[in-house]
Amino acid sequence: MIRVDGRSDSQSLIRVRGLNKTYSRGGEKIQVLQGLNLDVDKGDFVAFMGPSGSGKTTLLNLLGGLDVPSAGSITVDGDEITHMAASKLTQWRARHVGFIFQMYNLIPVLTAFQNVELPLLLTKLSKSERRKHVETALGVVGLTDRMHHYPRQLSGGQEQRVTIARAIVSDPTFLLCDEPTGDLDRKSADEIMAIIDELVGKYSKTILMVTHDPVIAARAHTTLHLDKGVLVEGKTSRESVLAGGAS
Amino acid sequence: MKFSRLIFANLFRKKARLILTIGSFAIALVLFTFLAVVKSAFSRGTEIAGADRLIVVSRIGLMQLMPISYRDKILAVPGVRAVTHNHWFGGVYQDEKNFFPQFVIDPENQRKVMTELVVPEDQWNNFLKDRQGAIAGARTAARFHWKIGDRIPIKTTLYGGGSSEFNLDGIYHSERPGGDEGQFWLQWKYFDENAPALVKSTAGWYVVKLNSPDDAVRVAKAIDEKFANSSFETKTETESAFAAGFAKQFGNIELLIVTIGGVVFFTLLLVTGNTMAISVRERTSELAVLKAIGFSGRAVLCFVLAESVIIALFGGFLGLALAYLAIPVIGIALTGLLPPLILSKSLLTLGVGFALFVGAVSGLLPGIGAMRLRVVNALRRV
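A.B. asks: Mind laying out the overall build of chain A, listing which residues take part and the relevant values?
C.D. replies: In terms of helices and strands, chain A carries eight helices and 10 strands. Seen through its C-alpha atoms, chain A measures out along the principal axes to roughly 45 × 45 × 40 Å. Within chain A, the proportion of its 247 residues that are buried is 49%. Restricting to contacts in chain A with at least 6 residues of sequence separation, those with at least 24 account for 69%.

A.B. asks: So what's going on with the interface of chain B and chain A? Which residues, and what values?
C.D. replies: Opposite the 19 residues of chain B that make contact, chain A presents 20 residues. When contributions to the side of chain B that touches chain A are tallied by element, the ones reaching two or more residues are α1 (4-11), α11 (284-292) and α14 (375-378) of chain B. Here the residues of the side of chain B that touches chain A are counted per class, giving 10 nonpolar, four polar and five charged.

A.B. asks: Explain the pairing of strand β5 (residues 102-105) of chain B residue by residue, including any values.
C.D. replies: All names here are of chain B. Both strand β3 (residues 80-88) and β5 contribute to a ladder of three bridges, which runs antiparallel. Each residue of the ladder has a partner; that of N86, found in β5, is I105. Sheet analysis places β5 next to strand β10 (residues 184-187), joined by four bridges and oriented parallel. By the bridge assignment for β10, I105 is matched with Q187.

A.B. asks: Explain the domain arrangement of chain B residue by residue, including any values.
C.D. replies: Taken domain by domain, chain B consists of domain 1 (4-45 + 251-378) and domain 2 (60-232). If you average the C-alpha positions of domain 1 of chain B and of domain 2 of chain B, the two centres end up 46 Å apart.

A.B. asks: Give me the lowdown on the packing of helix α10 (residues 253-281) of chain B against helix α12 (residues 297-333) of chain B, citing residues and values where you can.
C.D. replies: Residue and element names in this part refer to chain B. The N-to-C vectors of α10 and α12 enclose an angle of 140°; their axes lie 11 Å apart at closest approach. By the angle class used here, α10 and α12 are oblique. α10 and α12 meet at a crossing whose hand is right-handed. For the pair α10 and α12, the contacting residues are T272, M276 and V280 in the first and V304, E307, S308, I311 and A312 in the second. Partitioned by chemical class, the residues of the contact of α10 with α12 number five nonpolar, two polar and one charged.

A.B. asks: So what's going on with the sheet that holds strand β1 (residues 14-25) of chain A? Residues and values would help.
C.D. replies: Residues and elements named next belong to chain A. Pairing within the open sheet is antiparallel, and its four strands lie in the order β2-β1-β4-β5. Every other strand in the sheet has two partners, leaving β2 (28-40) and β5 (79-80) as the edge strands with one partner each. By the bridge criterion, two bridges tie strand β4 (residues 71-76) to β5 in an arrangement that is antiparallel. If you follow V76 over to β5, its bridge partner there is D79. Sheet contacts for helix α1 (residues 56-63): β1, β2 and β4; angle to β1, the most-contacted strand, approximately 120°.

A.B. asks: Pulling in residues and values, what's your account of the confidence of the model for chain A?
C.D. replies: With 94% of its residues at a pLDDT of at least 70, chain A reaches an overall mean of 89. In the model, residues 240-247 of chain A has pLDDT below 50 throughout and makes 17 contacts with residues more than four positions away in sequence or in other chains.

A.B. asks: Describe unusual backbone geometry, with residues and values.
C.D. replies: All names here are of chain A. In this structure, N105 is a non-glycine residue whose phi angle is positive, near 50°. The exposure class of N105 is buried, given the 21 C-beta atoms found within 10 Å. A positive phi angle is found at K228, which is not glycine, with a value near 50°. Mapped onto the secondary structure, K228 falls in the loop between β9 (222-227) and β10 (230-236). For K228, a count of 13 C-beta atoms within 10 Å translates into the label partly exposed.

A.B. asks: Now, about the confidence of the model for chain B: what can you tell me, with residues and values included?
C.D. replies: All names here are of chain B. Here chain B averages 88 in pLDDT, and 94% of its residues register 70 or above. Per-element mean pLDDT across chain B ranges from 77 in helix α9 (residues 239-248) up to 95 in strand β7 (residues 133-137). For this predicted complex, the interface confidence comes out at an ipTM of 0.88, alongside a pTM of 0.72.

A.B. asks: With reference to specific residues and values, describe the environment of I171 of chain B.
C.D. replies: Residues and elements named next belong to chain B. Locating I171 in the fold gives a position in strand β9 (residues 163-174). Considering only alpha carbons, one finds I171 and F99, 72 residues apart in sequence, at a separation of 18 Å. In contact with I171, other than residues within four places in its own chain, are Q123, I135, A136, A138, A141 and I148.

Each value, and the rule that gives it
- Residues numbered from 1 in each chain as written.
- Chains lettered and ligands numbered in written order.
- Predicted model: local features only at pLDDT ≥ 70, side-chain atom pairs only at ≥ 80, totals over all residues.
- Helix = DSSP H or I, 4+ residues; strand = E, 2+ residues; numbered from the N terminus.
- Buried ≥ 20, exposed ≤ 12 C-beta atoms within 10 Å, placed from the backbone.
- Contact = placed C-beta atoms within 7 Å.
- Nonpolar A, V, L, I, M, F, W, Y, C, P; charged D, E, K, R; others polar.
- Pairing = 2+ DSSP bridges.
- Domains from an automatic or database assignment.
- Axes fitted to C-alpha atoms, helices over the stretch in contact; angles between N-to-C directions.
- Parallel < 35°, antiparallel > 145°, perpendicular 65-115°, else oblique.
- Left-handed = near helix turned anticlockwise from the far one by under 90°.
- pLDDT = per-residue confidence, 0-100.

What follows is the structure in C-alpha cells.
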C-alpha cells in the first residue's frame, strides 16, 4: 500500500517523513522537496512523475542514499539512513539498493557478465557462486547468450537489460529506476517494462521508478506526482492514462 | 585479486596512451638509472676506501713530488703498520682514448698496504724478478684482451716522454665488491733508474696502513707535524677523504646529478599524474556508478593508485631492463672519461623503489579526486 499522507501506522518497507531538500545556487536557496511523506510496502511498484525540475531524481537519490536531505527522515526496512555515516551508507547501498539508470552506465571495458558481477565483488561469495548468481540474473533478463559481449556490441535495449541484471544480481531490498526507458524506442521500452513487470509480479521486487512517459508509468501500481516539492497521490496509473496522461 | 580484472581492463582502455606513458616512464628510468650509476661511480672511491689507510700527498698539490726518504720517517710514526708509495706514470697505450691509470708501485710494500688487491703468488714472484714487469687489473686486462706474457707498449707523456714496453706478469683482482680493477702497476726501481734527475728518488704519494682505524686522526696529524716547515710539507688524510676530494676535482658531480635527477622525477610525476588525471576525468560517470552500487571511496582511490603503480612498474621494469643492457655499452664508450659504471643490485632496487614512489605519488591526486567524487554530481542529474 502506497501512501503520501504520513499517517500510515503499519511498518512500511520504505518510510519517508517530512523530507526536505534545499539547494543553494548563486546565493539563492531553491527548495526542491518540502516536507514530503511516503510509505511504500514490499512488492509495491510506484512511478514518480512530474515536470522537469520538480525533484523526481532528487527524491530517488535521497531514497538511494546517494544524497543527504536537508531535513526529515528515510527509513528502509527498519534502517534510518538519513544519519548514517558515509562509509556505512555505502555498505547499506550495496546490500539494499539496485540502481537502473537512463543512460545504462555500464563499464565499457567489461563484458556483460563482468558488469553484472561488479556488485558481487563486494560480497564474500566465491567465484563459482558469483558465476551462478550472474548467470541467473542474466537469465532473468534474457541475455545468457550475450554474457561475453561488451556494451558496444549490444543494442540500447540489451544494455539496459544488463543494467537491470546488475541491479538485481545481489537481490537488493528495492530497485530505483531513473527513466529506465528514456533512451529507448517503444519496442525496446516495452521489453524493458516487461522485465520490470516480471520482477514485480514474479519476484515480488519493490520498485520506485521515475518517468516522463505516462504509458510507462501506467505499468506501475501507483503513480505519484511531484509538484512544487510535494507528492500528490493520484489515481491508479491506468486510470491516469485513461484520463489523459501526466501533468 | 577479484578486482584485478577491473583494474587491468581500465588500464588497457586506451592502449596507445598506455604504451606512450610506459615508454616515457621507461626512458626516464633509463636516465635516472644512468645518473645513479654515474653518481655511484664517483662516490665508489669513498665507499671502498680502507678505513685503516691514510694518503699522504704534498701540501702544494697532488702532482708535487716528495722525497722517497719520507717512507721510513712515516713508518717510524707510532700507529703506522706499513707504508708504500706510488707515482702517476701517465702513459698512453696505443691511443689516448685507451685511458687507464698506470701507477709506479713499491713492490716491497704494495701487498702489505693494499691487501684487498690480490695477485696469485707465482705471478707476483715473476713480477718481482722482472724489472720491466707489469701487473694489470682484471678489468683492464679483459678490456684489451691481454694475457700473461704479452708485451704492453706504453708511451709516457710525463718525465721527458719516450716509449717503453712492459711484460705482463700478472693480473690482480679486488676482493672488495666494486673494487678498482682498472689499474696498471709498474716497478718503481725500473722507473727510478730511467726517470729525469728531478724525479729521481721521489714518490708521488704515500699510502699508510694503520694498526687501527681509531689512530687515523692522531697519525695523520703526527705525519704532517713531522714534515711541517720542511721543503716538502705534507697533507695527510684518510683514504675516503682523499677519494672524495679527488672526485670533487671533476666539479660538484653530486649536485649536478641530483639536479638532473630532480628534473627527471618531476617531469615523470607530471607525465604520469596527467595521464591518470585524464583517465579519471574521462570515466567520471563510471566511477560514480561504482560508488553508487556500493564501492567505497577508499576502494575507488585504491583502483586509481593501483593503475598508476602498475603503469610505473611496467615502465620501471622496462627502463631498468634497458638500462641493464645499455649501461655496460655506455660504460665501454666512456672508459677513461668516467670511472667504471656498475649497475649494482642496490641501484636496481633503488630504481624499482623510485618507480613505485612516482607511481603512487602521481596517482594520489587523481585518486583523491575520484574518492571524493559526489555520485549525484558525477551522474549530472539534479
